[in-house]
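# Fold and geometry: a report
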Amino acid sequence: MRVNGIIAEYNPFHNGHRYQMEESRRLTGADYTVVVMSGDFVQRGAPALADKHARAEMALRCGADLVLELPALYAASSAEAFASGAVALLHGLGAVTHLCFGSECGDADALGQIAALLLDEPEQYRTALKAFLKQGLSYPGARAGAISACREAGEALPEGCGEILASPNNILGIDYIKALLRLESGMVPVTIQRVGAGYHEGFYGGFPAPAQPASRPGQEPGPSLSSALAIRQALQQGCTPARLAGFMPGESLQILNTYTEKARLLHADDFSPLLFYKLLMEQGQGYEKYMDVSQSLSDRIAGQLNGFAGYESFCELLKTKNMTYTRISRCLLHILLGIEKAHMELGQGLGHAPYARVLGFRRQAAPLLGAIGKLSSVPLVTKLADAKKSLEADAYRLLELDVRSSALYRAMACAHTGRPPKNEFSTPLVTL
């Protein structure tokens with residue numbers, strides 16, 4: 001049995017995601033596709049546009065066979081922790097044979113060479129990194145410079161390795177391969193070169209940016225590709241889901257339409273009052289107990305709190321030369337959701353994969369589920385009500401983070417609709 005593993009956010013599921021899923025299946029000859037997907041909050045430190053159950057259904061209707069939730073501890077963390085948690089989860093299932101991901105360079109061997117060096121961190125690399133940091137470069141810039149310096153000194157690294165590290169999906173791919181190497185996993189990394197709009201290409205004049213069609217050489221042009229960022233910005237600025245028909249598969253667009261009839265599409269600023277209240281209540285205690293929050297950032301948050309005017313504007317206010325908007329947004333989200341450094345220590349102690357919560361599956365994937373049931377070293381959670389009995393106490397503590405995060409998300413999504421939010425414990429799995 002060949003099984004592809006894909007790590008994703010699907011925020012929302014668009015044509016590029018379907019292209020990656022189809023290409024992955026074609027290149028590997030896979031029988032099934034398992035997706036590990038972020039829950040209600042995502043890696044850039046913000047709420048997902050639509051809730052995890054709607055996005056899981058998008059994935060299943062567009063080709064996935066099984067969708068698992070990436071615990072909130074990792075979903076809203078740094079790229080390295082995000083990758084470590086997701087790869088450990090796929091590895092722990094025991095049945096996944098290939099790890100498939102998108103990248104700008106499209107060269108798994110090149111990414112693997114860089115990953116191996118970054119995992120080993122030879123003395124030459126560490127020395128060069130320190131030197132570039134002393135020159136005032138940001139950490140990503142210093143890392144790229146140190147990698148280039150190592151290649152010039154004779155290390156087996158691909159040409160243009162510094163430029164490879166300038167692209168976000170390449171960086172994430174490197175972190176995936178580092179996690180595979182660290183686990184000594186047998187999963188084979190397979191990367192699909194991204195086509196169409198770039199990761200950061202945004203919203204222009206009422207529609208997402210013009211995009212290159214998805215197609216392979218010699219084929220008829222496929223559907224247009226656009227970044228998820230552009231689609232989110234279009235929706236935030238008043239574009240109706242119907243106008244995105246050229247950029248999203250019909251199945252996921254229909255789910256998005258149905259979802260908006262029952263709940264709001266959420267953005268970071270929707271959580272501004274809750275974040276301000278949490279920051280205000282803990283102002284005198286400091287915030288450094290929360291994951292990724294340093295003492296200096298804690299002091300900066302407390303000192304700038306009187307200037308709080310909203311989630312996003314506060315990120316801009318706190319941003320510095322050495323601390324990016326996204327990193328600050330993640331730190332604020334950790335404070336909002338109550339994710340502490342102690343939680344990450346628990347996760348690491350449990351091998352980064354404390355449980356595998358099933359969000360949905362295809363009934364025709366019964367052989368896949370049977371194989372996972374026999375081979376998995378990770379406890380499967382299909383019914384929340386039974387989780388407390390089946391999980392270790394530490395694992396259940398981490399699961400409670402997911403439950404509380406989703407309760408907060410659902411309450412906000414339904415706040416202005418007049419509908420009561422669904423209970424996480426009574427929400428059924430998505431089954432097709």
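Structure: above.
Being a predicted model, the structure only gives us computed values, none of them experimental. (Residues numbered from 1 in each chain as written. Predicted model: local features only at pLDDT ≥ 70, side-chain atom pairs only at ≥ 80, totals over all residues. Heavy atoms only, no water.)

## Considering the environment of Ile372
The topology assignment puts Ile372 in helix H17 (residues 366–375). Given the relative accessible area of 2%, Ile372 is considered buried. Expressed as a C-alpha distance, the spacing of Ile372 and Leu68, which sit 304 residues apart in the sequence, is 12 Å. In contact with Ile372, other than residues within four places in its own chain, are Leu66, Leu93, Ala95 and Leu380. (Helix = DSSP H or I, 4+ residues; strand = E, 2+ residues; numbered from the N terminus. Buried < 20%, exposed > 50% of the residue type's maximum accessible area, 1.4 Å probe, protein only. Contact = heavy atoms within 4.5 Å.)

## Details of a nonpolar patch on the surface
A cluster of nonpolar side chains, contributed by Tyr277, Leu280 and Met281, occupies part of the molecular surface with about 320 Å² of accessible area. Tyr277 sits in the exposed class, given a relative accessible area of 55%. (Patch = residues over 30% accessible without salt bridge, like charges linked within 9 Å, V, L, I, M, F, W, Y side chains within 5 Å. Areas by Shrake-Rupley, 256 points an atom, 1.4 Å probe, with all protein chains shown as cover. Salt bridge = Lys/Arg side-chain N within 4 Å of Asp/Glu carboxyl O.)

## Brief notes about the layout of surface pockets
Taken as a whole, the second largest pocket holds about 610 Å³ of empty space. Around the second largest pocket sit 23 residues that line it, and Asp51, Ala54, Tyr259, Lys262 and Lys422 are the ones nearest its centre. The element best represented in the lining of the second largest pocket is helix H11 (residues 250–260), accounting for 5 residues. Its residues assigned to classes, the lining of the second largest pocket shows 11 nonpolar, 4 polar and 8 charged. (1 Å grid on protein atoms, 1.4 Å probe; cavity = no way out; pocket = protein on both sides within 12 Å on 5 of 7 lines; lining within 4 Å. Points joined across faces, edges and corners; volume = space filled by probe spheres on them. Nonpolar A, V, L, I, M, F, W, Y, C, P; charged D, E, K, R; others polar.)

## Focus: unusual backbone geometry
Of all residues except glycine, most have a negative phi; of all peptide bonds, most are trans. Omega for the peptide link from Asn11 to Pro12 comes to 0 degrees, which places this bond in the cis form. Assignment of secondary structure puts Pro12 in the loop between strand E1 (3–8) and helix H1 (15–28). The backbone of His352 shows a phi angle near 65 degrees, a positive value even though the residue is not glycine. Here His352 is to be found in the loop between helix H16 (341–349) and strand E10 (356–361). With relative accessibility at 22%, the residue His352 sits in the partly exposed group.

## As for the nonpolar core
One broad trend across soluble globular proteins is that nonpolar side chains are buried collectively. Among the nonpolar cores identified, the biggest contains 139 residues, and Leu279 and Leu332 are the most heavily contacted of them. Contacts of Leu332, omitting those with residues within four sequence positions, involve Leu275, Leu279, Ile301, Tyr311, Phe314, Cys315 and Leu318. (Core = buried A, V, L, I, M, F, W, Y, C linked by side-chain atoms within 4.5 Å.)

## Points about the pattern of salt bridges
Overall, the coordinates contain 17 salt bridges when judged by the stated rule. Among the salt bridges present, the one from Arg126 reaches Glu123, with a minimum N-O distance of 2.5 Å. With Arg126 and Glu123 both in helix H6 (residues 123–134) and 3 residues apart, the pair spans about one turn of that helix. Its relative accessible area of 33% is what places Arg126 among the partly exposed residues. The closest approach of N and O atoms between Asp175 and Lys178, which form a salt bridge, is 3.8 Å. Residue Asp175 and its partner Lys178 are both found in helix H9 (residues 168–183); the two are separated by 3 residues, about one turn of the helix. In this structure, Asp175 and Lys178 share a single accessibility class: buried. In the salt-bridge network here, residues are joined through shared partners; they are Lys52, Glu69, Arg357, Arg410 and Glu424.

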